[in-house]
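So you can see what is in the structure, the chains are spelled out below.
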Amino acid sequence: KNLLPLTPLTFSPFVFNSEGNECIIASAKHCGECIQAGAKCGWCKDPAFLKQGEAVSTRCDELQSLVKRGCNVDMIESPKGERKILRNKPVTNRKKGGEKLQPHEITQIQPQKLNLTLRSGEPQTFDLKFKRAEDYPIDLYYLMDLSYSMKDDLENVKNLGTSLMQKMSKITSDFQIGFGSFVEKTVMPYISTTPAKLLNPCTGDQNCTSPFSYRNVLNLTSDGKQFNTLVGQQQISGNLDSPEGGFDAIMQVAVCGNLIGWRDVTRLLVFSTDAGFHFAGDGKLGGIVLPNDGKCHLEDNVYTMSHYYDYPSIAHLVQKLSDNNIQTIFAVTEEFQPVYQELKNLIPKSAVGTLSANSSNVINLIIDAYNSLSSEVILENSKLPSGVTITYTSRCKNGVVNGGENGRKCSNISIGDEVTFSISVTSKGCPNEGMSDTIKIKPLGFTEELEITLNFICGCDCQKVGINKSPLCHSNGTYECGDCRCEDGHVGRECECSSNDVATEDMDRTCRKDNTTDICSNSGDCVCGTCECKNRDNPEERYSGQFCECDNFSCDRSGNKLCGGHGRCECRVCVCDLMWAGSACDCSLDNTTCMASNKQICNGRGTCDCGICKCTDPKFQGPTCEICPTCPGVCTEHKECVQCRTFGTGEKKDTCEKDCSYFTLIKVKDRDKLPQPNDAAYPVMHCKERDANDCWFYYTYAVNNNTVKEVHVVDSLDCPAGPDIIPIVAGVVAGIVLIGLALLLIWKLLMIIHDRREFAKFEKEKMNAKWDTGENPIYKSAVTTVVNPKYEGKC
């Protein structure tokens, strides 16, 4: 019941595709090679399938092509992959305070175990369901920097155990907490190695404990009071440089699971510091060059190899944290928050929170970080075998669908929410030499995983029943899948020849047609006295025949398509599809394209030749011989007869009975009563004409199914109404009066402007006058005064 249904083998109409036929390009020599070429490839095992001259590789082709070429569906080998669910335990639906379950009894992913059988190029897709379980157990390990700068922080952490227990009880009823501390490597130049400083690395009267790399103070426990007691006994230490050796501590916490007490539940590591970090390569300062080995080195709960192994690299930490399903919360001061934010981007399922100066907000920070981490699920897979690829598509809350790299994750997941991932696994060729392999998929930070066993299809069923040393192959090969698979050193369709005897003159003679000089028509090779035709650059083009004299690409073309796209080329002659004819299969025998609107072939005025009308009446043209530019319109042609028979007017009123009796006249009251094109079962022409009195009349002309000509006409004329004299006269009079008033107003306006200009000119001349207004400007005195030039004014 766990076997998922497979898609049945179906075939659709085939057209040749000259590009990208991976089946032909592979030039497969046997069925196994063929099915590894691609998911669309099949092998025809019918012994009589190959035409004379065709190579064995032509048995391999796309399924539709094989069927079209005459291979029965039952004779086609095309194995399909399958999906089988081996373990499918439903996800847990448990409420807090309900049934008490052990961690291994809680299920958050479904299914848990699959068996996939993969064929090259054929993806196998399945759904992985994830649901956050309510009241899921949590282990939290608090790793704290105990360098001197964290002295005030230690005081606030001493009561963290019971306080955090109370807060976490709202999330889970099964919570454990542990504590560890770190300072730095115990070598120069990270610490002072003088005896006094080794005892008390702090200055002045400060009493500090000896420096150490990492110390596990408290294994994970559900006793919050014990946490408070042991943390209260801790003392601050000191070192010389600013960065700390926290990476050494994180590595030991991750890999020493048995000593720390990690359970297979949600694992949280809170890393609290107010400084940066050393990483791989920094150990050279102290003469430490040996890379970190990623193993546990705790003795009496103290890391003993800090002086021997270098700091771990970030990538090494990412691997170990992921392998041990640990989610990291970096609780750091605001100064170093940007540094650890960049580190968080490199470590999946990690979070960063900003500590206050004295760590008083550490509980809220942990709760917020946990909610952030648990609201996102990210899938990861173990290393894939060479040639195997995997893709993810996530279907998250509110109908959100993601693909690509984002297909691995879903965000904003609350407790009890269920999301689904569609996972597709594809192989190429025959990975791992056909041996089975196992991969695992799991959500980051969770211990549960999906185990997938991969099986690879590398051969065909017909190969399993092959006859070794078969007489059909002259005992020089294996008869399998309809043909011989020759042993090394033998060739020929039936392995009848030694590879050293394939080019003799006697054998070449049988490869010449009509004793010509051309061997295999210059289109093949003579192998063991039989022509094996050459392959062309285009894999869809083939030579065939006893002497390779035939091909499937030299036929006539139409529209730049071989056989017009309506047939196949066999031995240089087109074999047309049904309803097509001609040397290039370009002559359609379907007359529907010649059907005129009156349901007659070419409107009765032409013949249909290859789907195209050839008009016999020169007056008519168009695709169906319905267009006649020189013919009078139907409406104009019948206008006079309709007019005389309905209204007794028009040019034919005197000869109406003689000339106009060829149609049946039906009168209607208004235009709505006229037949409509959609209502009638035959074409109807609507007409609108005008008589000598400028009156319109409306009618329709049609030929019914009994070939009777019918005219429906509206029995009343639509004449234009006469003009209304009073408004016209009133309008003319009003217009004249208004025009007169307008002219008077314009004249008056011009006179006012002129008078104002003249008055302004007068005022200007008056201002420019230079004589006294009391004198006459034309008065001249009669007195003349003469002065004696010799007179000097002496008496």
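Residues numbered from 1 in each chain as written. Predicted model: local features only at pLDDT ≥ 70, side-chain atom pairs only at ≥ 80, totals over all residues. Heavy atoms only, no water.

- An unreviewed UniProt entry annotates the chain as Integrin beta originating from Takifugu rubripes.
- Word for word, the UniProt comment on the chain under Sequence similarities (unreviewed entry) is "Belongs to the integrin beta chain family." (UniProt positions renumbered as here; feature names shortened; annotations may be inferred.)

Focus: unusual backbone geometry
And then number 1: In the segment running from Gln110 into Pro111, the intervening peptide bond is cis, with an omega of 0°.
And then number 2: Inspection of the secondary structure assignment puts Pro111 in the loop between strand E5 (109–110) and strand E6 (113–119).
And then number 3: Here the bond from Met188 into Pro189 is cis, since omega is 5°, no more than 30 degrees from zero.
And then number 4: Residue position: Pro189 is located in the loop between strand E9 (175–182) and helix H6 (195–199).
And then number 5: At Cys520, a position not held by glycine, the phi torsion is positive, near 55°.
And then number 6: Of note, Cys520 is situated in the loop between helix H14 (505–509) and strand E27 (524–527). (Helix = DSSP H or I, 4+ residues; strand = E, 2+ residues; numbered from the N terminus.)

Regarding the pairing of strand E22 (residues 450–457)
And then number 1: With 7 of its 8 residues buried, E22 lies for the most part within the structure.
And then number 2: Where E6 meets E22, 7 bridges bridge the pair, whose relative direction is parallel. Across the sheet, the residue bridging to Lys113 is Glu451, located in E22.
And then number 3: As paired strands, strand E21 (residues 437–443) and E22 are joined by 5 bridges and run antiparallel to one another. Within E22, the position partnered with Ile439 by the bridge is Ile452.
And then number 4: Between the end of E21 and the start of E22, which pair antiparallel, lie 6 residues, with Gly445 showing a positive phi angle near 85°. (Buried < 20%, exposed > 50% of the residue type's maximum accessible area, 1.4 Å probe, protein only. Pairing = 2+ DSSP bridges.)

Quick word on the UniProt feature "transmembrane region" (unreviewed entry) in the chain
And then number 1: With numbering aligned to this structure, UniProt lists the feature "transmembrane region" (unreviewed entry) at residues 725–747.
And then number 2: Taken as a whole, residues 725–747 contains 100% helix and 0% strand, while its terminal C-alpha atoms sit 33 Å from one another.

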